[in-house]
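Listed here are the chains, written in short residue letters.
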Amino acid sequence: MQVPMLDLKPQYEKIKDDIQREIAELCASQMFILGPKVEAFEQQAAAYCGARFACAVSSGSDALLMALMVEGIGPGDEVITSPYTFFATAGAISRTGATPVFADIDPAYYTLNPALVEALVTPKTKAIIPVLLYGQPADMDPILDIARKHGLIVIEDAAQAIGAEYKNRRIGAIGDYGCLSFFPSKNLGGFGDAGMVLCNCPERAEKLAIFRNHGMMPKYHHRFIGGNFRMDALQAAVLNVKLKHLDGWTARRQQNANDYNALLAGVPELVLPAVAAWTTRHVRNQYVVRVQAPASRQAVWDGLKEAGIGCDVYYPIPLHRQPCYTSLGYRQGDFPESERAAAETIAIPIYPELTTEQKAFVAQTLASLVKGSRS
């Protein structure tokens, strides 16, 4: 049996007629940049996330960058975030000329530990970017309290968490900005790169729309230096169709996680994903387990691959250990929980179309490999 880490083909087969109809309408209109398809998706996505405004952009990475740019964050400024995340989080900070400042994660949930944030605030600090990792929110209330106390902006990196809820509030509309990614492998994925910035402030929404199009308003008049951050209308056409199915796909991901929890219970070297008390809706972007000593993660990784089971490691090198951030002066051991997560975690397939037989095969293989890799 082969079980890929992600298989989008079954999803497409079920909705391809609707998608092809949307694309045909777009081709007939010849309106490929912004236009009605993008506007319709912005309205639907904002409503889905409980935000007043949505600005559709070219990628999740550009969503983060644009939120920082709109706030005027740049050289000499600092932004606090996690070192245990995809590079885009810190990369967007660096692209503005600002400096990323790292705070370690909560070991149970892999999200930014609020208890470690306030000590890092300096007169140079301008924003906090909590990462809502693997489909689960960070603990937002204490982060917002710190931000209000020190006059900081909060940008939710919600690239993996559309539809997740923090204390019954949809993520993306809790901080000053919420940044989404529609990369094809995400829970809501397009046919290429695409992203979105959410906010509740009309002045910020207006500036986002201007910055998205080279800082231009009206045409050929530039009050700001923005960028070409526009979402292709093709992506909006696809996402308009997919958004209608997202809750159903999320429910199946949640069921898959519950099934794995039952199948993998009682394996002492495996730590299963924990759901925080503040998380009222986990959307299960990934199902990530820890492989703890005396078991070997490398042996488990190799064994899963050999058995035809897709798996991945998010993220094997924390950002403070990346060569491009040597100048920040961090050392091995500075963020022990991020380093331990990077060394121990492995993700297994959780996409909605997994069958009962596939889940059983993955779980049985994983459990046997963990037992067999004990040193």
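Now for a description of the structure that goes with this document. Predicted model only: the values in this text are computed from it and were never measured. Within every chain, residues take consecutive numbers counted from 1 along the sequence as written. Given that the model is predicted, a residue must reach a pLDDT of at least 70 before its local features are reported, and side-chain atom pairs must reach 80 or more before they are shown or counted; all residues, however, enter totals for whole chains, interfaces and linings. Values reported for side chains reflect all heavy atoms of the structure, with hydrogen atoms and water molecules removed beforehand.

Looking now at the sheet that holds strand β10 (residues 270-271). A pair of strands is treated as paired once DSSP finds two or more bridges between them. Helix and strand definitions follow DSSP, with helices as H or I runs of at least four residues and strands as E runs of at least two, each counted in order from the N terminus. The three strands are arranged β10-β12-β13 in an open sheet whose pairing can be described as antiparallel. Bordering the open sheet on either side are β10 and β13 (345-348), each of which pairs with just one other strand. Sheet topology note: the strand β12 (residues 287-291)/β13 ladder contains four bridges and is antiparallel. By the bridge assignment, R290 is partnered in β13 with T345. Set on the sheet, helix α9 (residues 297-306) makes contact with β12 and β13; between it and β13 the angle comes to about 20 degrees. We call two residues in contact when some of their heavy atoms are within 4.5 Å. To obtain an axis, a line is fitted to C-alpha atoms, over the contacting stretch when the element is a helix, and the angle between two such axes runs from 0 to 180 degrees between their N-to-C directions.

Okay, the pattern of salt bridges next. Salt-bridge detection follows one rule: a side-chain nitrogen of Lys or Arg within 4 Å of a carboxyl oxygen of Asp or Glu. Taken as a whole, this structure holds 20 salt bridges when the rule is applied. Note that R21 is salt-bridged to D18, the shortest N-O span being 2.8 Å. Taken together, the positions of R21 and D18, both in helix α1 (residues 9-29) and three residues apart, correspond to about one turn of that helix. The partly exposed category is assigned to R21, whose relative accessible area is 49%. Notably, a salt bridge pairs E118 with K149, separated by 2.8 Å at the nearest N-O pair. With E118 in the loop between β3 (99-102) and β4 (125-129) and K149 in helix α5 (residues 140-150), this residue pair connects regions lying 31 residues apart in the sequence. Ionic contacts of the salt-bridge type, sharing partners, join the residues R290, E337, R340 and E344 into one network. Categorising residues by exposure relies on relative accessible area from a 1.4 Å probe, with only protein chains included: less than 20% of the type maximum marks a residue as buried, more than 50% marks it as exposed, and the intermediate range marks it as partly exposed.

Time to look at the packing of aromatic side chains. Pairing of aromatic side chains requires ring centres within 6.5 Å, counting the rings of Phe and Tyr and the six-membered ring of Trp. Pairs whose planes differ by under 30 degrees are stacked, by over 60 edge-to-face, and all others tilted. As enumerated under the stated definition, the model contains 16 aromatic pairs in all. With 6.1 Å between their ring centres and 65 degrees between their planes, Y12 and F191 make a pair best called edge-to-face. You can see Y12 sitting in helix α1 and its partner F191 sitting in the loop between β8 (177-181) and β9 (195-199), a full 179 residues away along the chain. Y12 gets classed as partly exposed once you look at its relative accessible area, which sits at 27%.

Now for the pairing of β4. Taken across its five residues, β4 has four buried, putting it largely inside the fold. Pairing between strand β2 (residues 78-81) and β4: four bridges, direction parallel. Bridge pairing in β4 places T81 opposite I129. Relative to strand β5 (residues 153-157), β4 runs parallel, the two sharing two bridges. Residue pairing across strands places A127 opposite I153, the latter belonging to β5.

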